[in-house]
Amino acid sequence: MALAESTHICVYSGCGNPQLSQNIANYLGTGLGKVHITHFPDSEIFVQFEENVRRADAFLIQPTCTPANENLMELLIMIDAARRASAARITAVLPYFGYARQDRKDKPRVPITAKLVANLLTSAGADRILTVDLHAQQIQGFFDIPVDHLYARPVLVPYLKELIGDDGVVVAPDSGSTKMAMAYGDMLNAGFAVVTKRRINATTVASSHLVGDVKDRVCVITDDMTSTAGTLCAAAKILKAHGAAKVYAAVSHCLLSDIGREKLLATPEIEQLVTTDAVPGIDTLNGKIKVISIAPLLGEAIRRIHEGKSVSPLFYTGH
């Protein structure tokens, strides 16, 4: 979508992660735009932009994490309000894209919620999507508008390099994470291993076999998200049983439930979980979790999108 030269950039935050939004605005040196978000007595959401957004290049920042339904609906209403206020272009910035686990119909009579959310965002009036580490790459194809899909690994890799040194191993905790793990391995110049996994139910997994050499080496398990920590903890136990010197974990989105926090604390095999601030309010569990901000990554992406420049350099460290 071509924009007039006079188009100005405006960055707005939903209620999903206001601190990250503020850090992004600080990086851009613009300040957050003024938007009033409140609820009617029956819990319906009310949104009003308190400044002129006509002909603006509007970036609306909102992860659709817990409470997922509330945050998603709020974002949709913000997009609609911006469209009706004649914004020149509306980019929905989703540091975390919720409802992405259901990206295919693998059982009878189930929805494909990732496609549904893509349709909702487009119908509401979004012209572009900016997001980080989708649960499945094919979700980009669910949109008929441009999608800028960034990766958290350029942000996490420098810290991970300090942890694992020159002879580390990147571990995929299941077959679905192999591509991500291999990308981390390339950036870290590390070895590669895979743990096989069988999911028993929504909160329980069983890891059984390891492919790769981890004996006396520092390992880092990589995944796009964790909520119950079951996959990570099961994989860590397998790695230690096969002689790994130390085990770390790195995930883009830390969605830990109370059960997940308890499980992580009760798993000494994992030295530390490294994650981003894509979702708010992460409890560091007295150092068990290390949070690294993606505000500079998203801020630079927003700047490049506004200026019509490529975001490809952001796929690598040292951009």
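Further up the page is the structure itself.
Not measured: the values here are computed from a predicted model.

As a further point, take the packing of aromatic side chains. Aromatic rings considered in pairs are described by the distance between their centres and by the relative angle of their planes. Tallied over the entire structure, the rule returns four aromatic pairs. Consider the rings of Phe97 and Phe143, whose centres lie 6.0 Å apart with planes at 75°: the pair is edge-to-face. Of this pair, Phe97 sits in the loop between strand 5 (89-94) and helix 3 (113-124) while Phe143 sits in the loop between strand 6 (128-132) and strand 7 (147-150), placing them 46 residues apart in sequence. As far as the burial class goes, Phe97 and Phe143 line up, both buried. Taken together, a centroid distance of 5.4 Å and an interplanar angle of 75° make the contact between Tyr151 and Phe315 edge-to-face. Within this pair, whereas Tyr151 is found in the loop between strand 7 and helix 4 (153-164), its partner Phe315 is found in the segment after helix 8 (295-307), the two being separated by 164 residues in sequence. Judged by relative accessible area, which is 24%, Phe315 ranks as partly exposed. Positioned above the aromatic ring of Tyr151 is the side chain of Arg153, whose terminal nitrogen or guanidinium carbon lies 4.3 Å from the ring centre.

Now for the layout of surface pockets. Taken as a whole, the second largest pocket encloses approximately 430 Å³ of empty space. Partitioning the lining of the second largest pocket into residue classes produces twelve nonpolar, six polar and three charged.

Those residues of helix 4 lying buried are Arg153, Pro154, Val155, Leu156, Val157, Tyr159, Leu160 and Ile164. Looking at the packing, one finds that the buried side of helix 4 touches helix 5 (178-188), strand 11 (218-226), strand 12 (246-254), strand 13 (270-276), strand 14 (289-292) and helix 8. Following helix 4 by one or two positions, Gly165 has its phi on the positive side, about 70°.

With that out of the way, let us pick up the sheet that holds strand 5. One open sheet accounts for five strands, arranged 1-4-5-6-7; its pairing is parallel. Each having just a single partner strand, strand 1 (8-13) and strand 7 make up the two edges of the open sheet. Mean inter-strand twist for the sheet, computed between neighbouring axes without regard to direction, equals 15°. Strand direction decides the pairing type here: strand 1 and strand 4 (residues 56-61), joined by six bridges, are parallel. Following the sheet pairing, Cys10 is matched in strand 4 by Ala58. Each of strand 1, strand 4 and strand 5 touches helix 2 (residues 68-84); the most contacted strand, strand 5, lies at about 165° to it.

What follows concerns the packing of helix 1 (residues 18-28) against helix 8. Taken N-terminus to C-terminus, the directions of helix 1 and helix 8 make an angle of 55°; their axes are 8 Å apart at the nearest point. When the interaxial angle is binned, helix 1 and helix 8 end up oblique. Relative to helix 8, helix 1 is oriented so that their crossing is right-handed. In this structure, helix 1 contributes Leu20, Asn23, Ile24, Tyr27 and Leu28 to the contact, and helix 8 contributes Ala295, Pro296, Leu298, Gly299, Glu300, Ile302 and Arg303.

Rules used throughout
- Residues numbered from 1 in each chain as written.
- Predicted model: local features only at pLDDT ≥ 70, side-chain atom pairs only at ≥ 80, totals over all residues.
- Heavy atoms only, no water.
- Phe/Tyr/Trp six-rings, centres within 6.5 Å; stacked < 30°, edge-to-face > 60°.
- Helix = DSSP H or I, 4+ residues; strand = E, 2+ residues; numbered from the N terminus.
- Buried < 20%, exposed > 50% of the residue type's maximum accessible area, 1.4 Å probe, protein only.
- Lys NZ or Arg CZ within 6 Å of the ring centre and 35° of its normal.
- 1 Å grid on protein atoms, 1.4 Å probe; cavity = no way out; pocket = protein on both sides within 12 Å on 5 of 7 lines; lining within 4 Å.
- Points joined across faces, edges and corners; volume = space filled by probe spheres on them.
- Nonpolar A, V, L, I, M, F, W, Y, C, P; charged D, E, K, R; others polar.
- Contact = heavy atoms within 4.5 Å.
- Pairing = 2+ DSSP bridges.
- Axes fitted to C-alpha atoms, helices over the stretch in contact; angles between N-to-C directions.
- Parallel < 35°, antiparallel > 145°, perpendicular 65-115°, else oblique.
- Left-handed = near helix turned anticlockwise from the far one by under 90°.

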